[in-house]
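# Structural description and commentary
Letter by letter, the chains look like this.
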Amino acid sequence: MLPGEPAEVVAIFGPTASGKSAVAEAVAVSLGGEVVSADSMQVYAGAPILTNQPVAPTHLVAIWPLDHEASVAEYAGLAHAAIDELVQADRVPVVAGGTGLYLRAALAELDVPPAPQPGARERWERRYDEAGPEASHAELASRDPAAAAAVHPNDRRRVVRALELVEAGSSLRPAEDRLWSQRTRRPTLLVGLDLPADVLARRIEERTRAMLAQGAREEARRILAGPLSRSAAQMIGLREFAELPDEEAVEAVAQRTRRYAAYQRKWMRRIADLVSIDANRPPGEVADAVLEVARARQRLPRRRHA
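Residues numbered from 1 in each chain as written. Predicted model: local features only at pLDDT ≥ 70, side-chain atom pairs only at ≥ 80, totals over all residues. Heavy atoms only, no water.

### A look at the packing of helix α1 (residues 20-31) against helix α12 (residues 283-296)
Direction vectors running N to C along α1 and α12 enclose 55°, while the axes themselves pass 8 Å from each other. When the axis of α1 is compared with that of α12, the two are oblique. When the axes of α1 and α12 are compared, the crossing they make is right-handed. In this structure, α1 uses Ala22, Val23, Ala26, Val27, Ser30 and Leu31 to contact α12, whose residues at the interface are Pro283, Val286, Ala287, Val290, Leu291 and Arg295. Class assignment for the residues of the contact of α1 with α12 results in ten nonpolar, one polar and one charged. (Axes fitted to C-alpha atoms, helices over the stretch in contact; angles between N-to-C directions. Helix = DSSP H or I, 4+ residues; strand = E, 2+ residues; numbered from the N terminus. Parallel < 35°, antiparallel > 145°, perpendicular 65-115°, else oblique. Left-handed = near helix turned anticlockwise from the far one by under 90°. Contact = heavy atoms within 4.5 Å. Nonpolar A, V, L, I, M, F, W, Y, C, P; charged D, E, K, R; others polar.)

### Here we look at the nonpolar core
Among the nonpolar cores identified, the biggest contains 49 residues, and Tyr44, Leu50, Tyr75, Val95, Leu103, Met235 and Phe241 are the most heavily contacted of them. The element that contributes the greatest number of residues to this core is helix α2 (residues 72-88), accounting for eight residues. Ignoring anything within four residues of it in the chain, the contact list for Met235 reads Met41, Tyr44, Ala47, Leu50, Thr51, Leu66, Ile223 and Arg256. The next biggest cluster of nonpolar side chains, apart from the first, holds 32 residues, and it includes Ala7, Ala261, Ala287 and Val293. (Core = buried A, V, L, I, M, F, W, Y, C linked by side-chain atoms within 4.5 Å. Buried < 20%, exposed > 50% of the residue type's maximum accessible area, 1.4 Å probe, protein only.)

### Quick look at the sheet that holds strand β1 (residues 9-13)
Sheet architecture is open: five strands sit in the order β2-β3-β1-β4-β5, paired in parallel fashion. Of all the strands in the sheet, the pair left with one neighbour each is β2 (34-37) and β5 (275-278). Here the strands of the sheet are splayed against their neighbours by 30° on average, with no regard to which way each runs. The sheet contact formed by β2 and strand β3 (residues 93-97) spans four bridges and is parallel. By the bridge assignment for β3, Val35 is matched with Val94. Where helix α3 (residues 100-107) meets the sheet, its contacts fall on β1, β3 and β4 (188-194), and the angle it forms with β1 comes to roughly 175°. Lying on the sheet, helix α11 (residues 246-270) is in contact with β1 and β4; it crosses β4 at an angle near 140°. (Pairing = 2+ DSSP bridges.)

### Here we look at α3
Burial of α3 is extensive: seven of the eight residues sit out of reach of the surface. Where α3 is concerned, the buried positions are Gly100, Tyr102, Leu103, Arg104, Ala105, Ala106 and Leu107. Residues of α3 that are buried sit in contact with β1, α2, β3, β4 and α11.

### A closer look at the pairing of β1
The side chains of a regular strand alternate, first on one face of the sheet and then on the other. Extensive coverage of β1 is indicated by the burial of five of its five residues. Side chains Val9, Ala11 and Phe13 of β1 all project onto a buried face; the interleaved residues Val10 and Ile12 project onto the opposite face, where all are buried too. Here five bridges tie β1 to β4, and the two strands are oriented parallel to one another. Bridging across to β4, Val9 finds its partner in Thr188. The pairing of β1 with β3 spans four bridges and is classified as parallel. Along β3, the bridge assignment pairs Phe13 with Gly97.

### Let's talk about the packing of helix α4 (residues 120-131) against helix α7 (residues 156-167)
Closest axis-to-axis distance for the α4/α7 pair is 9 Å, and the angle between their directions is 125°. By the angle class used here, α4 and α7 are oblique. Along this stretch, α4 crosses α7, giving a crossing that reads as right-handed. In this structure, α4 contributes Ala120, Arg121, Arg123, Trp124, Glu125, Tyr128 and Asp129 to the contact, and α7 contributes Arg156, Val159, Val160, Arg161, Leu163, Glu164 and Glu167. Here the residues of the contact of α4 with α7 are counted per class, giving six nonpolar, no polar and eight charged.

### Regarding the environment of Val72
With respect to the helices and strands, the residue Val72 is situated in helix α2. Taking C-alpha positions, Val72 is 7.1 Å from Val112, a pair spaced 40 residues apart along the chain. With residues up to four places along the chain from it excluded, the contact list for Val72 reads Leu101, Tyr102, Ala105 and Val112.

### A word on the environment of Ile12
With respect to the helices and strands, the residue Ile12 is situated in strand β1. Residue class for Ile12 comes out buried when judged on its relative accessible area of 0%. For Ile12 and Ser37, which are 25 residues apart along the polypeptide, the C-alpha to C-alpha distance reads 9.9 Å. Aside from chain neighbours lying at most four places away, what touches Ile12 is Lys20, Val23, Ala24, Val27, Val94, Val95, Ala96, Gly97, Leu103, Val191 and Leu193.

### What about the side chain of Ser40?
Position of Ser40 relative to the elements: it lies in the loop between β2 and α2. Other than its neighbours up to four places away in sequence, Ser40 contacts Thr99 and Tyr102.

Function cannot be read off these values alone, since they describe shape.
Written out as structure tokens, the structure reads:
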């Protein structure tokens, strides 16, 4: 993005429970725009409580059934179409989410690896278990030295994924890593919501308890009773709420969510073009701060629609 070039897209990233949805909605209302979700779990219908789906209408929320195997490539196509349609209609897309890869996929042209052949992952997992970590890693080294150098032999998930990618004609470590590139499809203002760790931990526990009160246990059991894809099964709280007593479930879900939030904060630190915004205040004030940054950089008009 060139200095002074008007932004066509506002992107809001932050850890879970940082208030992204409320802030994004307020920014969209002020700019006459619409929110596009960049969340790998909110894409699923039938899990509004467990995935904390926004109440306000949001693009790419609840679009797939729970047995649908999600892919970044499929999501990227839908996100690009939604963003392009909004821009063409003279409305500001406000992309909001906490899944870093989905956010970058929505904003940029990533080299998304091809989908593996059906059963490929299971086959590589069996080979890893039968041959052992060292032999599997040696095979990876012979086929993709760069990927092997970045993966420990005992990291079963990543070794399997790397072998799966090699077989599909891609790599876990492509020659050009565009994931952290500043290049975006459209001029974009990218902001990150930051909170002190203790404040975030408190918000996570409060939200977890609210989820239980709203019916997370019943929702989780209903989901597990039906067909479920591997990607949807990664939903935080699914097993915990369905199987554990109340307090144990809250403790387990909150702990797992805190770990995920720490991972999201690492993502924020790696995005070079991200503007950090203090989110330890009401959502309306955070939204005002986002808008102030945009206007100070002359990237957005004061209001696109009444």
